[in-house]
Amino acid sequence: QKQLEKQALLCQLKQHAQVRVLDGTEEPFASLGWKHLVPSDHLDKLPGTPFRTCAVVSSAGSILNSLLGKEIDSHDAVLRFNAAPTQGFHKDVGKKTTIRIINSQVLANSEHRFNRSSLYKNITLVGWDPAPYSADLEKWYREPDFDLFTGYEDRRRRSPSQPFYILHPAFIWSLWTMLQTNTEENIQPNPPSTGYIGIAVMMNLCESVDVYEFIPSKRHTTRCHYYEALRDMACTLGAYHPLLYEKLLVRRMSTASIAEISEKGKVTLPGFSKISC
Ligand code: NCC
């Protein structure tokens, strides 16, 4: 029964989470010349893809003292989020970063020093912003939650060889819809967390995805991030993002023993190429 449910959920996710990025063919981006601004290769044609093994590293405080760094770095590709550093935390989170997914606050807020910080250099970048559900791209371009477009256009012109994509709002909301469909309660009408979005993106690019500290291990703590002292339970359970429901769904879709979750906070998901529906 459980096995059947797992398979059905994975199939549904495969249908709902085919990754889509802005490609410059739709308005207003077509008129703005984005066809020549965005990378010519699609995200799923990145060098090295399909990756055989991938690690997704949540930014949770509970990854501290995990000693997972070596295991994380042994994957073909490693995904990290927003401003999460590796320097100073190699032992627990590893040092390799292949892709970084950033929300629009990271692009828009000067405190993140997006243009100068080495966190955002020499890797593949994927940005996103919560567009309205209707995915009206004209309206979104005029009024994004945080202005990610200026920083994106600027970086593309300065560093055209760096792969940098913006996720299509239809992709984000399709993930949300599937989450709601499989949750009995009404979830927040806000987009999924960068973590959940990242898991879905990596299932497009990898044959197998190991997710670390998204489902909390026995080290669970109120510490929000491994890289700062702030304590806030909402970081792990969600307030704006439907994070708790994302975690319950990931748990239902994953193959992981209780011991793996408890000791490592690790769950494994198959890539879409390995899911036959
Ligand atoms: O905190 P954040 O997320 O950057 O974390 C990245 C992803 O890791 C998972 N996570 C994090 C902490 C924790 N205790 N448990 C977790 O499971 C989540 O999946 C999370 O998505 C975001 O989702 O983009 C978020 O970004 C921050 C913030 O904008 C960035 O860190 C940049 O500074 C948001 N914080 C605020 O807006 C104040 C956070 O709500 C969500």
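In this text, all values refer to a predicted model and were calculated from it rather than measured experimentally. Sequence order as written defines residue numbering, which begins from 1 separately in each chain. Local features are withheld for residues below a pLDDT of 70 in this predicted model, meaning they are given only at 70 or higher, and side-chain atom pairs are given and counted only at 80 or more; totals for whole chains, interfaces and linings count all residues.

*Asks:* Give me the lowdown on the overall build of the protein, citing residues and values where you can.
*Replies:* Secondary structure summary: the protein contains eleven helices and seven strands in total. Here the radius of gyration uses the C-alpha set of atoms, whereas the globule reference equals 2.2 Å times the residue count to the power 0.38. Over its C-alpha atoms the protein spans a radius of gyration of 18 Å, differing by no more than 12% from the 19 Å that the globule rule assigns to 277 residues. Projecting the C-alpha coordinates of the protein onto the three principal axes gives extents of approximately 55 × 40 × 35 Å. Whether a residue is buried, exposed or partly exposed follows from its count of other C-beta atoms within 10 Å of its own C-beta, namely 20 or more, 12 or fewer, or something in between, respectively; the C-beta atoms are built from the backbone. Burial status across the protein gives 42% buried among its 277 residues. It is the C-beta atoms, placed from the backbone, that decide contacts: two residues are in contact if theirs lie within 7 Å. Residue pairs at least 24 apart in sequence account for 70% of intrachain contacts in the protein once pairs closer than 6 positions are excluded. In this description a helix means any DSSP run of H or I spanning at least four residues, a strand means any run of E spanning at least two, and both kinds are numbered starting from the N terminus.

*Asks:* Could you give an account of the site of the ligand, naming the residues involved and the relevant values?
*Replies:* Using a C-beta atom placed from the backbone, a residue is scored as near a molecule or strand whenever that atom is within 6 Å of it. Around the ligand, the structure places 21 residues, and the nearest of them are Ala60, Ser193, Thr194, Gly195 and Cys235. Contributions of two or more residues to the shell around the ligand are made by α4 (104-108), α8 (194-205) and α9 (234-237). By residue number, the principal contributor to the shell around the ligand is α8, which donates three residues. Residues belonging to the shell around the ligand are distributed by class as follows: nine nonpolar, twelve polar and no charged. The classification used treats Ala, Val, Leu, Ile, Met, Phe, Trp, Tyr, Cys and Pro as nonpolar, Asp, Glu, Lys and Arg as charged, and all other residues, Gly among them, as polar.

*Asks:* Let's hear about the pairing of strand β2 (residues 77-81): which residues, and what values?
*Replies:* Of all five residues in β2, five are buried; the element is thus mostly enclosed. Every second residue of β2 is oriented toward a common face, with Ala77, Leu79 and Phe81 on one face and Val78 and Arg80 on the other, all of them buried. Here a strand pair is declared whenever DSSP counts at least two bridges between the two strands. Across three bridges, the pairing between β2 and strand β3 (residues 99-103) is parallel. Its bridge partner lying in β3, Leu79 is registered against Ile99.

*Asks:* Which residues make up the pairing of strand β4 (residues 124-128), and what values go with them?
*Replies:* Counted residue by residue, β4 has five buried out of five residues, so it is predominantly covered. Judged by which residues are buried, β4 turns out to be covered on both faces: Thr124, Val126 and Trp128 on one side and Leu125 and Gly127 on the other are all buried. Alignment of β3 against β4, held across five bridges, turns out to be parallel. For Ile102, the partnering residue across the bridge sits in β4 and is Gly127. As paired elements, β4 and strand β5 (residues 164-166) share three bridges and run parallel to each other. Residue Leu125 lies in a different strand from β5, and its bridge partner there is Phe164.

*Asks:* Describe the environment of Ile258, and please don't skip the residues or the numbers.
*Replies:* Relative to the helices and strands, Ile258 resides in helix α11 (residues 258-264). The exposure class of Ile258 is exposed, given the 7 C-beta atoms found within 10 Å. The spacing of Ile258 and Tyr212 is 46 residues in sequence and 14 Å in space, taken between C-alpha atoms.

*Asks:* How would you explain the packing of helix α1 (residues 2-16) against helix α7 (residues 169-181) if you had to name every residue and give the values?
*Replies:* Running from N to C, α1 and α7 point in directions that differ by 155°, and their axes come no closer than 9 Å. One way to sum up the angle between α1 and α7 is to call them roughly antiparallel. Between α1 and α7 lies a crossing whose hand is right-handed. Residues Gln12, Leu13 and His16 of α1 form the contact with α7, whose own contacting residues are Ser174, Leu175, Thr177 and Met178. Partitioned by chemical class, the residues of the contact of α1 with α7 number three nonpolar, four polar and no charged. In this description, a line fitted to the C-alpha atoms serves as the axis of each element, helices being fitted only across the stretch in contact, and the angle between N-to-C directions of two axes falls anywhere from 0 to 180 degrees. In what follows, roughly perpendicular refers to angles from 65 to 115 degrees, roughly parallel to angles under 35, roughly antiparallel to angles over 145, and oblique to any angle outside these ranges. Throughout, a crossing is termed right-handed when the near helix is turned clockwise from the far one, and left-handed when it is turned anticlockwise from it by less than a right angle.

*Asks:* Quick one: what's the story with the sheet that holds β3, residue by residue and with numbers?
*Replies:* Note on sheets: strands pair through backbone hydrogen bonds, and any given pair is parallel or antiparallel. Strand order across the open sheet formed by seven strands is β5-β4-β3-β2-β1-β6-β7, with mixed pairing between neighbours. With partners counted over all chains shown, the strands left at the sheet margins are β5 and β7 (266-270), one partner each. Direction aside, the axes of adjacent strands within the sheet are offset by 20° on average. With three bridges connecting them, strand β1 (residues 51-57) and β2 associate as parallel partners.

Everything listed here is a matter of coordinates, which is why it stays silent on function.
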